Amino acid sequence: MRTIDSSYSGQINRLERLKRDVRLLWRIARMLYSYLVEGHRIRKRLHDKEARGEIFYVDEDLHA
């Protein structure tokens, strides 16, 4: 499994630790943003299709 600590061995200085933490924070922020934006888009399409009485096929409808 890939981790952010895989390239570090032994002691790391404060600057390297700060850069690692900022990269981790950025990655978490991107994941949260993607979850919120994509999740909203999917839920909106689901509710629209349910209101029309259609079936929402995730695999087909998301790539359309």
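As a reminder, the structure under discussion sits directly above these lines.
To keep things clear, this report deals only with the structure shown in the data block. Counting restarts for each chain: residues are numbered from 1 in the order of the written sequence. Residue-level local features of this predicted model are given only where pLDDT is at least 70; pairs of side-chain atoms are given and counted only at 80 or more, and the full residue set underlies all totals for whole chains, interfaces and linings. Side-chain metrics rest on all non-hydrogen atoms present in the structure, leaving aside hydrogens and water.

**Thoughts on the overall build of the chain**
Definition in use: Here a helix means four or more residues in a row that DSSP labels H or I, a strand means two or more in a row labelled E, and each is numbered from the N terminus. Classification of residues uses two cut-offs on accessible area relative to the type maximum, computed with a 1.4 Å probe and protein chains only: under 20% is buried, over 50% is exposed, and between them is partly exposed. Areas reported here follow the Shrake-Rupley algorithm with a probe of radius 1.4 Å; residue values treat only the protein chains shown as occluding.
Broken down by element type, the chain carries 2 helices and 0 strands. Taking all 64 residues of the chain together, 9% fall into the buried category. Total accessible area on the chain is roughly 6100 Å²; 58% of this is exposed by carbon and sulfur atoms.

**Focus: helix H1 (residues 14-52)**
Spelled out, the test is: Here, expected helix span is obtained from the residue count minus one, scaled by 1.5 Å. Pairs of N or O atoms are called polar contacts if they sit within 3.5 Å, as long as, within protein, a hydrogen donor faces a hydrogen acceptor (for residues adjacent in sequence, only side-chain-to-side-chain pairs).
In this model H1 runs 57 Å from its N-terminal to its C-terminal C-alpha over 39 residues, within 8% of the 57 Å that 1.5 Å per residue would give. Those residues of H1 not exposed but buried are Arg-20, Gly-39 and Lys-49. The N-terminus of H1 is capped by Asn-13, whose side-chain oxygen sits 3.2 Å from the backbone nitrogen of Leu-15. Gly-53 occupies a position one or two residues after H1 and carries a positive phi of about 80°.

**Let's talk about the pattern of salt bridges**
The cut-off we apply is this: Should a side-chain nitrogen of Lys or Arg be within 4 Å of a carboxyl oxygen of Asp or Glu, the pair is scored as a salt bridge.
Taken as a whole, this structure holds 6 salt bridges when the rule is applied. The shortest N-O distance in the salt bridge between Asp-21 and Arg-20 comes to 3.3 Å. Exposure remark for Asp-21: the relative accessible area of 35% places this residue in the partly exposed category. Between Lys-44 and Asp-48 there is a salt bridge, with the nearest N and O atoms lying 3.5 Å from each other. Note that Lys-44 and Asp-48 are positioned in helix H1 at a spacing of 4 residues, about one turn of the helix.

**Regarding a nonpolar patch on the surface**
The condition that has to hold: Patches were defined on residues exceeding 30% relative accessible area and lacking a salt bridge, with like-charge contacts within 9 Å and nonpolar side-chain contacts (Val, Leu, Ile, Met, Phe, Trp, Tyr) within 5 Å.
Where nonpolar side chains cluster on the molecular surface, the patch consists of Leu-32, Tyr-33, Tyr-35, Leu-36 and Val-37 and spans about 570 Å² of accessible area. Looking at where Tyr-35 falls in the secondary structure, it is placed in helix H1. Among the residues examined, Tyr-35 registers a relative accessible area of 58% and is labelled exposed.

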